[in-house]
Amino acid sequence: MEYYIGLDVSQRQTAICIVNGKGTRVAEGKALTEPPGIYAWITKHVDPKVITKVGLEAGAMSAWLYTELSKLGLPMLCLEAYQAAEFLKAQRNKTDRNDARGLAQMVRMGGDFIKPVIIRSQCSQEARALLTMRQFLVHQKVGLENNITGTLKPFGLITARGNISTKVFRERVLATLDRADERGILVRETVMPSLDLYDTLCKQLAVLSKKVEGIAKSDPVCRRLMTAPGVGPIVALSFVTAVDNPKRFADTNDIGAYFGLTPRQYQSGEIDIRGSTSRRGDVMTRYHLVQAATVLLFNTKKWCALKAWGMKIAKRHGFSKARIAVARKLAIILCKMWLREEDFCWTNIPASPVLAGATPA
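Let's talk about the overall build of the protein
Regarding its fold elements, the protein presents 14 helices and seven strands. With respect to the principal axes defined by its C-alpha atoms, the protein has extents near 80 × 55 × 50 Å. Evaluated residue by residue, the protein yields a buried proportion of 41% over its 361 residues. A fraction of 58% describes how many contacts in the protein between residues 6 or more apart in sequence connect residues 24 or more apart. Total accessible area computed for the protein in this model is approximately 20,100 Å², and 52% of it derives from carbon and sulfur atoms. Measuring between centres, the 52 positive side-chain charges of the protein sit 5 Å from its 32 negative side-chain charges.

Right, dumping it as structure tokens:
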């Protein structure tokens, strides 16, 4: 007899359901969310040798549980969160018990229906943690800039923004506060704590950025990817840690869909609608790829086939669509560079007067 197990993981407890090959429930209950506790509960009810698959939904703790339970000898399977959520919607009531039952039945169905999630290596997860924290600080930095300048704007005190350094931004804010003092506007004590916090945050952001650059420069794959236009240490490390193993893609063209850079499609009968990009997959790496595409189109002086292709799309459909298309194509190129162990191939393409004179919409 074959047995299939579903784990509905929460922070404190995990609901567990065991079903046999016919879908009949054998046992169900709860255990503390820790690998030894889950393993002890399972082995108490069924022999580990007859377990075919143990499925859990992708989430914050799934990588840890997947790795540790695999070490204990359980045949683990990580299920895509979107697919699992849609499958579980078929149940009338959402409870942890019902979710565990649904996941067990989903694992039992198996076959091509299941979309497994690949668990990254520990090294990649550690680098992702660094990138995630850095990205959080970047958002906090922008938020503080908006908050500081927005606080002064209602008084007619405008602080010039743009691509400026931390030091220049602080000097401009202090100059604005001096103008406020001259006009008798008492906002210095209100703004200064945020400005001091901004300085501290930028120092910590610089530390994390330096760590990212060090890791990227010491990795041969990242160094190779950085030969592509628009791709720096952050984009290269983000891409490498998100993909982890490029050989897991049967077709490198699938990587665009993996990062949510392909259009949605709704087809039924005579209706066939293609919408905007799906935006599924890794949000941070998709953001980095779009940033790299923007730099390639707007800031890279040297011309290549990819830039010429992107500029033609920009001329026909606008720069917003062009940078998404270039980001998708760039992801495919980076994956091929990784697999073939080749640097980016620059081609001698002169800048077209029409395309070179185009300006972003």
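So, the pairing of strand 3 (residues 25-32)
Here strand 2 (residues 13-20) pairs with strand 3 via seven bridges, running antiparallel. The partner of valine 19 across the bridge, within strand 3, is arginine 25. Linking strand 2 to strand 3, which pair antiparallel, is a turn of four residues; within it glycine 23 sits at a positive phi near 90 degrees.

Concerning the nonpolar core
Formed by 67 residues in total, the largest nonpolar core has its most connected members in Leu225, Phe239, Ile255, Phe259, Leu289 and Leu334. Mapped by element, the contributors of at least two residues to this core are helix 5 (122-152), helix 6 (166-182), helix 7 (188-218), helix 8 (220-225), helix 9 (233-243), helix 11 (283-298), helix 12 (305-317) and helix 13 (319-340). Element by element, the count of residues in this core is highest for helix 13, at twelve residues. Not counting residues up to four positions away in its chain, the partners in contact with phenylalanine 239 are Leu225, Ile255, Phe259, Thr285, Leu289, Ala331, Leu334, Cys335 and Trp338. Counting residues in each nonpolar core, the second largest holds 18 residues, with Ile5, Leu7, Ile18 and Trp41 among its members.

Some remarks on the packing of aromatic side chains
For the coordinates displayed, the defined rule picks out eight aromatic pairs. Here the aromatic cluster, defined as three or more aromatic residues joined through ring pairs, consists of Phe239, Phe249, Tyr258, Phe259 and Trp338. Just above the ring of tryptophan 303 sits the side chain of lysine 307; from NZ or CZ to the centre is 4.8 Å. The ring of tryptophan 309 carries lysine 329 above its face, with NZ or CZ at 4.9 Å from the centroid.

Criteria and cut-off values
- All chains use their own residue numbering, which begins from 1 and follows the written sequence.
- Restriction of local features to residues with pLDDT of at least 70 applies here, the model being predicted, together with a cutoff of 80 or more for giving and counting side-chain atom pairs; totals for whole chains, interfaces and linings are based on all residues.
- Neither water nor hydrogens contribute to the side-chain values; these are computed over all heavy atoms in the structure.
- Helix and strand assignments come from DSSP, with helices taken as H or I runs of at least 4 residues and strands as E runs of at least 2, each series counted from the N terminus.
- The cut-offs for exposure are 20% and 50% of the maximum accessible area for each residue type, with area from a 1.4 Å probe on protein chains only; residues under the lower value are buried, those over the upper are exposed, and the others partly exposed.
- Any two residues whose heavy atoms approach within 4.5 Å are treated as being in contact.
- For the accessible areas, the method is Shrake-Rupley and the probe is 1.4 Å, while residue cover comes only from the protein chains on display.
- All tallies of charge rest on Lys and Arg as positive and Asp and Glu as negative; His and the ends of each chain are not included.
- Here the site of a charge means atom NZ of a Lys, CZ of an Arg, CG of an Asp or CD of a Glu.
- Two strands are counted as paired when DSSP detects at least two bridges linking them.
- For the purposes of this section, nonpolar cores are sets of buried Ala, Val, Leu, Ile, Met, Phe, Trp, Tyr and Cys residues that join through side-chain atoms within 4.5 Å.
- Planes of paired rings set the category: under 30 degrees apart is stacked, over 60 is edge-to-face and the rest tilted, where pairs are Phe, Tyr or Trp rings (Trp by its six-membered ring) whose centres lie within 6.5 Å.
- Lysine NZ or arginine CZ positioned within 6 Å of the ring centre and within 35 degrees of the ring normal marks a charge as sitting over the ring.

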